[in-house]
Amino acid sequence: MTTDTTRGTDRSFLFVLGSSRPDGNTEILARAAAQQLPAGVPQRWVDLAQLPLPDFQDGRHETATWPGGESEETLRQATLEATDIVIASPLYWYTLSAQTKRYLDYWSGWLTVPDSDFAERMAGRTLWGVTVMSNDDETVGDALVTTLNHSAAYMRMRFGGVLFGNGSRPGQVRDDERAALRAKTFFQREAPLARFP
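Residues numbered from 1 in each chain as written. Predicted model: local features only at pLDDT ≥ 70, side-chain atom pairs only at ≥ 80, totals over all residues. Heavy atoms only, no water.

**So, the pairing of strand E1 (residues 13-17)**
Along any regular strand the residues' side chains alternate between the sheet's two faces.
Then, in step 1: Where burial is concerned, most of E1 is hidden: five out of the five residues are buried.
Then, in step 2: Of the two faces of E1, the one holding Phe13, Phe15 and Leu17 and the one holding Leu14 and Val16 are both buried throughout.
Then, in step 3: Inspection of the sheet shows E1 paired to strand E2 (residues 43-47) by five bridges, in the parallel sense. The partner of Phe13 across the bridge, within E2, is Gln43.
Then, in step 4: Between the parallel elements E1 and E2, the chain passes through helix H1 (residues 25-34) in a crossover that is right-handed. (Buried < 20%, exposed > 50% of the residue type's maximum accessible area, 1.4 Å probe, protein only. Helix = DSSP H or I, 4+ residues; strand = E, 2+ residues; numbered from the N terminus. Pairing = 2+ DSSP bridges. Right-handed = clockwise from strand over helix to strand, strands pointing away.)

**Observations regarding the pattern of salt bridges**
Then, in step 1: Summed over the entire model, instances satisfying the criterion amount to eight salt bridges.
Then, in step 2: When the shortest N-O distance is used, the salt bridge between Glu138 and Arg178 registers 3.2 Å. Taken together, the residues span a long stretch of sequence, with Glu138 in the loop between strand E4 (126-133) and helix H5 (142-154) and Arg178 in helix H6 (residues 177-185) at a distance of 40 residues.
Then, in step 3: One network of salt bridges, with partners in common, ties together Glu138, Arg178 and Arg182. (Salt bridge = Lys/Arg side-chain N within 4 Å of Asp/Glu carboxyl O.)

**A few points about the packing of aromatic side chains**
Then, in step 1: A complete count under the given rule lists 13 aromatic pairs for this structure.
Then, in step 2: Centre to centre, the rings of Trp128 and Phe187 are 5.1 Å apart; their planes meet at 85°, and the pair counts as edge-to-face. With Trp128 in strand E4 and Phe187 in the segment after H6, the pair connects residues that are 59 residues apart, well separated along the chain. Both residues of the pair, Trp128 and Phe187, count as buried.
Then, in step 3: Taken together, the aromatic side chains of Phe13, Phe15, Trp45, Trp128, Phe186 and Phe187 make up a single cluster linked through ring pairs.
Then, in step 4: We note Arg31 situated over the ring of Trp45; from NZ or CZ to the ring centre the distance is 3.9 Å. (Phe/Tyr/Trp six-rings, centres within 6.5 Å; stacked < 30°, edge-to-face > 60°. Lys NZ or Arg CZ within 6 Å of the ring centre and 35° of its normal.)

**Topic: helix H2 (residues 70-81)**
Then, in step 1: Along its twelve residues, H2 runs 17 Å from first to last C-alpha, staying within 8% of the 16 Å computed at 1.5 Å per residue.
Then, in step 2: Among all positions in H2, only Ser71, Glu72, Leu75, Ala78, Thr79 and Leu80 are buried.
Then, in step 3: Close packing links the buried residues of H2 with E1, E2, strand E3 (84-88), helix H3 (98-112) and helix H4 (118-122). (Expected span 1.5 Å × (residues − 1). Contact = heavy atoms within 4.5 Å.)

**Description of empty space enclosed by the protein**
Then, in step 1: Applying the stated rule across the entire model yields one cavity of 30 Å³ or more.
Then, in step 2: Within this model, the largest cavity holds a volume of roughly 30 Å³.
Then, in step 3: What lines the largest cavity is simply Leu17, Ser19, Arg21, Pro22, Glu27 and Asp47.
Then, in step 4: The class makeup of the residues in the lining of the largest cavity is two nonpolar, one polar and three charged. (1 Å grid on protein atoms, 1.4 Å probe; cavity = no way out; pocket = protein on both sides within 12 Å on 5 of 7 lines; lining within 4 Å. Points joined across faces, edges and corners; volume = space filled by probe spheres on them. Nonpolar A, V, L, I, M, F, W, Y, C, P; charged D, E, K, R; others polar.)

**Things to note about the sheet that holds E4**
Then, in step 1: Ordered in space as E2-E1-E3-E4-E5, the five strands form an open sheet in which the pairing is parallel. What marks the edges here is a single partner per strand, and that holds for E2 and strand E5 (158-166). Each strand axis lies, on average, 15° off the axis of its neighbour in the sheet, ignoring direction.
Then, in step 2: Inspection of the sheet shows E3 paired to E4 by five bridges, in the parallel sense. Within E4, the position partnered with Asp84 by the bridge is Thr126.
Then, in step 3: Sitting on the sheet, H3 is in contact with E1, E3 and E4, with an inclination near 145° to E3. (Axes fitted to C-alpha atoms, helices over the stretch in contact; angles between N-to-C directions.)

Shape descriptors only; they carry no functional weight alone.
Here it is in structure tokens:
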């Protein structure tokens with residue numbers, strides 16, 4: 001019998017920061033939510049602006065292999081070591097930032113590496129989202145939510161939803177009382193298996 005470590009105490013979180021500026025509103029909100037995790041739960045934070053990836057090249061139908069770089073391997077290992085992956089991306093043009101989308105594009109490559117067990121190892125883990133935007137209407141972030149949900153569904157992962165916050169100027173999300181309240185219990189939410197509509 002296997003143990004579902006994504007739902008038990010043996011959890012480990014990878015926070016993938018996809019902002020183009022350090023200490024942005026989305027990171028502030030993600031850290032507020034992370035503070036509520038039990039003390040023994042490991043957290044790893046990766047800033048995509050500090051660990052840049054080249055543009056993804058799809059080599060599925062080519063004979064030559066794409067040489068993976070150090071940043072790619074660091075991200076791949078960090079992804080595989082986590083039971084819970086948190087995508088912390090500001091809402092840029094109604095969806096994920098370019099850095100975050102590039103990271104997800106690399107999942108496609110990791111799926112097709114010879115002898116890869118990426119899909120098998122990712123199944124059953126949990127994907128979460130955190131985003132801050134300058135609009136009070138959270139429906140403008142529907143495309144971001146759909147991207148994360150569908151990515152989780154394709155990988156047979158759980159999806160814990162998206163923690164929304166409001167803010168534009170640096171640090172402005174700290175004034176969003178509703179987001180602060182949601183952050184206190186966000187990672188306690190039930191995360192069902194993701195489904196396509």
